[in-house]
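The residues making up each chain are set out below.
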Amino acid sequence: MKKFYLAVLATVMFTLSTYAQKVNGVAKGVLLDSVSATPLPDATISVIRSKDSSLISFTVTSSTGYFEIKNIDAGSYNLLISYTGMQNFKKQFLITNGKAVADFGTIKLDRNYKELNEVVVKDDAPVKIKGDTVEFRAESFKSVKPNATVEDLLKKVPGMEVAKDGTVKSQGEQVQKVYVDGKEFFGTDPKMATRNLNQDMVESIQVYDDMSEQAKFTNVDDGSRTRAINIKLKKDKKNGVFGKAMAGGGTDGRYQSQLNLNRFTGPRQISVVGSANNLDRQNFSFSDVIGGMGMGSFSGGGFGGGNAMIRGGGFSGGGSSSGGSGISSPISLGVNYRDMWGPKIDVVGNVNGSSTRTVLQQSSYGQESYPADAAHGRPLDSLADKETVTNSNNLNQNLRFNFRMEYKLDSLNSLLYYPSFTLQHSDGFSYNGLNSYATLTGVPKYLALTQERTNENSRDGYNMNQNLLFRHRFAKRGRTLTVGVTSTLNESTGEGTTYSPYIYYTRSELPYKMVTLDQQSTQKVHGFNNTVSTSYTEPIGRNKLIEFNYAYTNNQSTSDKKTFDMDTATHKYEIINAPSTNYFENGNVSNRVGVNFRVQQRKYNYQVGIGEQINELSSRSVRASTNKDTTVKQSFVNLYPTAVFTYNFTRNKNLRFRYSGRTNQPTISQLQNVPDYSNPLQVKTGNPLLKPEFSNSFNANYNTFNMMNFRYFSANLSFAQTSNKIVNSTDDLPKIYTTPTDTSTRGKQLIIPVNLNGSFSSNGFFTLGLPFKNPKLKGSTFNSTTMATYSRDVTMFYKRENFARTLSLTQTEGIAYTYKEKIDLNLRASLTYSRARYDSALKTPDQDFWSQTYSADWTFDLPKDFVFETDFDYYLTTGVSTGYNTKVPLLNTSLSKLMFKNKAGQLKFEVHDLFNQNQSLTRNFTTNGYQDVRTNVIRRYFMLSFTYSLNRMGGKNIPQQDQRHFGPRGIRMGM
């Protein structure tokens, strides 16, 4: 294995040293406005080879208009200059051994206000700046992979990072929205666009900070800015049919298939996307409307339990999208529709369905500490070692509909209507086994309790949401009025059965008591929410704006839960379990009023605001055990302060501060005070006296992006503190919560949500990107990220406040290397140190462990249309439990043959996990200890697949209506 690593390293070093040869040509000059003689900053300067019009290198001008491009080989070239609002400039020049410097001196560009008689030069500028948007020409950064997707393209764009799970970061900040020609593509899931659209469709990638619909209209920053990407399609990809289909089969019954078919006719775009595989590969994210229904799930139990609080390090090998939650077999099919219904109505909508079967096989080992309590079998402070086994088979099905219509009544009035509907079904089976070992002072470790638990459940639910927004601009610039109405209806029903025998043991490990729980539960949850809001903005002087807003919210929800015990005489669930049967109503009516003041200057802008919200909460509970109503009413007044400050040093360098405060209401499952006995060793109940949480969030961010050399640096610091945080309180089970079948409280816990203070979290990181200067290595960069997180969380554990302080330090280095669009190489190394410390009277052991990841993936474009791809990862963990410290080499490799005209076909042979070493290991920090978890993953398999790409585009006849498309932030989508 060591020889293999050395060979890989030697190959990489040799390749880098071979291709990073120094060249000596230079092109330089100064760019001015021909009328005002002022410098033109951020103009794009490109060097094009004369004989084949290929792009050699490019840069942008500085604030003084100066440009310089180095490392140009001897030859004949064209200098191309592009600047918005100016005529293009093109001039030929030579680089020879005798004349290595081409000094263009002062170049004056003419303004583009008159029609040119000469031929218009094609704009091959690789980068453009339009306001606060940076646009990258796709042709200059494309991936060499066959049938490469937008995700592959983004890996080559300067400042972009793409993780194995498809998460995209731009200059260190996660991209949360991805648009296609300024419109949503299959809703708000970014991966639907990045993983289903091919890079050869893309003209450019636009990167910017997106604001909410309300903020875009009123020009009042509401603090909801998110990093966004707009995928601008080529003109010839807007009229015709294109797509691809793939199917593959492999060993061990592995299979995969994918379909992407698109019909574009000017503004009308119809896309069909489908996939099916048993490789745990998700191309989408599904909505969960029933996940919080609370039918009970296995959570340990036994000799104590605790609640999982913080997930530590570890890894899930193989690029699994499940993150250690088993192996899934997803099937999905969706249709996306975009059109303009006349000159005033713009619509986009999608329907998609998914069905995912997930098989989980999991084992874990953990250790937890407990205080002395003789009444519950703990005469001294003790430790519990827990071994668990979990096997489950779950099905989750979704049907989603999303629609958005914008109706421009006239130049001053518009209507936005966007309804959505989600229908969901899930069912599953799970088996859980537990061995709990007790360690008392002076007593050897012994088996104290064993448990087996079988669960079957079925759940159905739906969520229907409607939003209507009316917007009006007055004649006076900056004066606006917005009125919005939101209505949400949701409902879920479910039933489940639990069979759980558990056995108590003496200190000599002899069984002395066995108890069996056999129950069936049903639950119906219903919720209805209405919100009416309005906003009015008024300019109060130059560059100043004030906004007044008001919102009324009425949220009503009910939960009806019934639990039945098995009648051993009839073998039917006919005996009502009164303590677990309850009808619960919850109401939350709020009125909120606020004011915001904004100042916008060229160099800086800031906004301060304050809001006050009055909440009236009421809860009504009817328990079968008492048949009495219990009503609780509460009233809260909260302030919502906000502050945003941005300072722009230059167009590409800024510093931003942001503060906000908000209230979080408890959920109905946290309020409903009905015991859940689905795990008899951990009884859970709600708390109707819960108060809302109030969180304070602070964020500071510094970004700089040098358009001359593509260097970028980003630093971010965030801090969040929560008052009255809703956390779990864990204690021994009181006698009043025991059942007639088992009146013992030994080894049992009661878990109830409570409000506690003292928790906070902080995070800081800085990331640096350095591109290689050699033009032959165009698109190659070095990235470095340093991250630190520190948090303190609080729980109530056996009547004691328990504080857990966790620290995580991560250093990541990476190199993305490209040579002549023939070789793609990516190297990455990451080292993480994790630590947990506990402030409590419990003897909870401190936790320290390390995890390391080393990755390399490369693509070679070989002769005769062959392509070789390899993906290698090496994982190491140290400091965890015996048997969980591992070294895992994971190698995936493939060989492809491109076929047919225009390389439309691809035959691919691949092997996954060649060394058959894939594993998934994670460490979880709990309230009073830790847990090391091993989860099943996909091991070695071989697969043969075939992909065919369809491309029947007719770019010559694009309807003129398409020219009117505008994207987010007012960026023109058509050319």
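Residues numbered from 1 in each chain as written. Predicted model: local features only at pLDDT ≥ 70, side-chain atom pairs only at ≥ 80, totals over all residues. Heavy atoms only, no water.

1. Thoughts on the overall build of the protein
Right, on to step 1. If you tally the helices and strands in the protein, you get 5 helices and 49 strands.
Right, on to step 2. For the protein, the residues scored as buried account for 51% of the 975 residues in total.
Right, on to step 3. Working note: accessible area of the protein is about 43,200 Å², and carbon and sulfur atoms make up 55% of it. (Helix = DSSP H or I, 4+ residues; strand = E, 2+ residues; numbered from the N terminus. Buried < 20%, exposed > 50% of the residue type's maximum accessible area, 1.4 Å probe, protein only. Areas by Shrake-Rupley, 256 points an atom, 1.4 Å probe, with all protein chains shown as cover.)

2. Comments concerning the packing of aromatic side chains
Right, on to step 1. As enumerated under the stated definition, the model contains 24 aromatic pairs in all.
Right, on to step 2. Clustering of aromatic rings is evident, with ring pairs tying together Tyr647, Phe649, Tyr702, Phe713 and Phe766.
Right, on to step 3. Over the aromatic face of Phe866 sits the side chain of Lys897, whose NZ or CZ is 4.8 Å from the ring centroid. (Phe/Tyr/Trp six-rings, centres within 6.5 Å; stacked < 30°, edge-to-face > 60°. Lys NZ or Arg CZ within 6 Å of the ring centre and 35° of its normal.)

3. Describing the environment of Pro343
Right, on to step 1. Here Pro343 lies in the loop between β20 (327-340) and β21 (345-370).
Right, on to step 2. Remark: the alpha-carbon pair of Pro343 and Lys408, spanning 65 residues in sequence, is separated by 8.6 Å.

4. Quick notes on the confidence of the model for the protein
Atom-level detail of predicted coordinates should not be read off regions where pLDDT is low.
Right, on to step 1. Predicted confidence across the protein gives a mean pLDDT of 80, with 83% of residues reaching 70 or more.
Right, on to step 2. This stretch, residues 1-22, has a pLDDT under 50; its non-local contacts, to residues over four places away or in other chains, come to 21 contacts.
Right, on to step 3. Contacts of residues 114-122 to residues separated by more than four positions or lying in other chains number 6 contacts, the stretch itself having pLDDT below 50. (pLDDT = per-residue confidence, 0-100. Contact = heavy atoms within 4.5 Å.)

5. Let's talk about the sheet that holds strand β4 (residues 66-72)
Right, on to step 1. Strand order across the open sheet formed by 3 strands is β4-β1-β7, with mixed pairing between neighbours. At either margin of the open sheet sits one strand with a lone partner, and together these are β4 and β7 (101-109). With strand direction ignored, the average angle separating the axes of adjacent strands in the sheet is 15°.
Right, on to step 2. The pairing of strand β1 (residues 25-33) with β4 spans 5 bridges and is classified as antiparallel. Its bridge partner lying in β4, Ala27 is registered against Ile69. (Pairing = 2+ DSSP bridges. Axes fitted to C-alpha atoms, helices over the stretch in contact; angles between N-to-C directions.)

6. Structural notes on the nonpolar core
Right, on to step 1. With 35 residues, the main nonpolar core has Phe136, Leu154, Ile205, Ile229 and Ile231 as its most contacted residues.
Right, on to step 2. Taken together, the elements giving at least two residues each to this core come down to β3 (55-60), β9 (133-137), α2 (150-154), β10 (160-162), β12 (173-180), α3 (190-194), β14 (202-210) and β15 (226-233).
Right, on to step 3. Residue contacts for Ile205: discarding those within four places in its chain leaves Val134, Glu135, Phe136, Leu153, Leu154, Ile229, Asn230 and Ile231.
Right, on to step 4. Within the second largest apolar cluster, 21 residues are counted, among which are Leu31, Ile95, Phe104 and Leu109. (Core = buried A, V, L, I, M, F, W, Y, C linked by side-chain atoms within 4.5 Å.)

7. Notes on unusual backbone geometry
Right, on to step 1. Although it is not a glycine, Ala37 adopts a positive phi angle of roughly 60°.
Right, on to step 2. Here Ala37 lies in the loop between β1 and β2 (44-49).
Right, on to step 3. We classify Ala37 as partly exposed; its relative accessible area is 44%.
Right, on to step 4. Non-glycine residue Asn916 carries a positive phi angle of around 55°.
Right, on to step 5. Tracing the backbone shows Asn916 in the loop between β46 (905-912) and β47 (920-926).
Right, on to step 6. Asn916 sits in the partly exposed class, given a relative accessible area of 26%.

8. Here's the deal with the environment of Leu770
Right, on to step 1. Among the structural elements, Leu770 can be located in strand β39 (residues 759-771).
Right, on to step 2. Each C-alpha atom, one on Leu770 and one on Ser784, is 8.7 Å from the other, the two residues being 14 residues apart in sequence.
Right, on to step 3. When neighbours within four sequence positions are excluded, Leu770 is seen to be in contact with Arg711, Thr781 and Phe782.

9. Remarks on the pattern of salt bridges
Right, on to step 1. What the rule picks out here adds up to 15 salt bridges.
Right, on to step 2. With a shortest N-O distance of 3.0 Å, Lys562 and Asp560 are connected by a salt bridge.
Right, on to step 3. A relative accessible area of 27% means that Asp560 is categorised as partly exposed.
Right, on to step 4. Measuring nitrogen to oxygen at the nearest pair gives 3.3 Å for the salt bridge that ties Asp793 to Lys725. Residue Asp793 is located in strand β40 (residues 781-797), and its partner Lys725 is located in strand β37 (residues 725-732); the two are separated by 68 residues in the primary sequence.
Right, on to step 5. Judged by its relative accessible area of 23%, Lys725 is partly exposed. (Salt bridge = Lys/Arg side-chain N within 4 Å of Asp/Glu carboxyl O.)

10. Observations regarding a nonpolar patch on the surface
Right, on to step 1. Taken together, Phe900, Leu907, Phe909, Leu914, Phe942, Leu944, Phe946 and Tyr948 make up a surface patch of nonpolar side chains, about 720 Å² in accessible area.
Right, on to step 2. Secondary structure elements with two or more residues in the nonpolar patch: β46 and β49 (941-953).
Right, on to step 3. Considering each element in turn, the nonpolar patch owes the most residues, 4 residues, to β49.
Right, on to step 4. Among the secondary structure elements, Leu907 is positioned in strand β46. (Patch = residues over 30% accessible without salt bridge, like charges linked within 9 Å, V, L, I, M, F, W, Y side chains within 5 Å.)

11. A word on the side chain of Thr663
Right, on to step 1. Mapped onto the elements of the fold, Thr663 is located in strand β33 (residues 653-664).
Right, on to step 2. The buried category is assigned to Thr663, whose relative accessible area is 8%.
Right, on to step 3. Polar side-chain contacts of Thr663 include one of 3.3 Å to the side chain of Asn638.
Right, on to step 4. Of the polar contacts made by the side chain of Thr663, one reaches the side chain of Tyr640; its length is 3.2 Å. (Polar contact = N/O pair within 3.5 Å; in protein donor to acceptor, adjacent residues only side chain to side chain.)

12. Topic: the sheet that holds β3
Within a sheet, neighbouring strands are paired by backbone hydrogen bonds and run either parallel or antiparallel to one another.
Right, on to step 1. Strands sit in the order β3-β2-β5-β6 across an open sheet of 4 strands; the sheet is antiparallel. Either end of the sheet is taken by a strand with one partner, and the two such strands are β3 and β6 (89-95). Averaged over all pairs of adjacent strands, the angle between their axes in this sheet comes to 20°, without regard to strand direction.
Right, on to step 2. Across 6 bridges, β2 lies against strand β5 (residues 75-82) in antiparallel orientation. Bridge pairing in β5 places Val47 opposite Leu79.

13. As for the side chain of Ser894
Right, on to step 1. Looking at where Ser894 falls in the secondary structure, it is placed in strand β45 (residues 887-899).
Right, on to step 2. A relative accessible area of 7% means that Ser894 is categorised as buried.
Right, on to step 3. Not counting residues within four places of it along the chain, the set of residues in contact with Ser894 comprises Val867, Phe868, Glu869, Lys908, Phe909 and Glu910.

14. Description of the pairing of strand β44 (residues 866-878)
Right, on to step 1. Pairing of strand β43 (residues 847-862) with β44, which is carried by 13 bridges, proceeds in the antiparallel orientation. Residue pairing for β44: Thr859 is matched across the bridge by Glu869.
Right, on to step 2. The sheet contact formed by β44 and β45 spans 11 bridges and is antiparallel. Paired with Tyr874 across the bridge in β45 is Pro889.

15. Looking at the environment of Tyr647
Right, on to step 1. Tracing the backbone through its elements, the reader meets Tyr647 in strand β32 (residues 629-650).
Right, on to step 2. On the basis of relative accessible area, Tyr647 is assigned to the partly exposed category, the value being 28%.
Right, on to step 3. Between the C-alpha atoms of Tyr647 and Tyr604, which are 43 residues apart in sequence, the distance is 4.3 Å.
Right, on to step 4. Look past the residues within four positions of Tyr647 in its chain and what remains in contact with it is Lys603, Tyr604, Lys653, Asn654 and Leu655.

16. Observations concerning the pairing of β47
Right, on to step 1. Burial analysis of β47 places 7 of its 7 residues in the buried class, the great majority of the element.
Right, on to step 2. The side-chain alternation of β47 yields two buried faces, one formed by Ser920, Thr922, Asn924 and Thr926 and the other by Leu921, Arg923 and Phe925.
Right, on to step 3. What sits between the antiparallel neighbours β47 and strand β48 (residues 929-935) is a turn of 2 residues.

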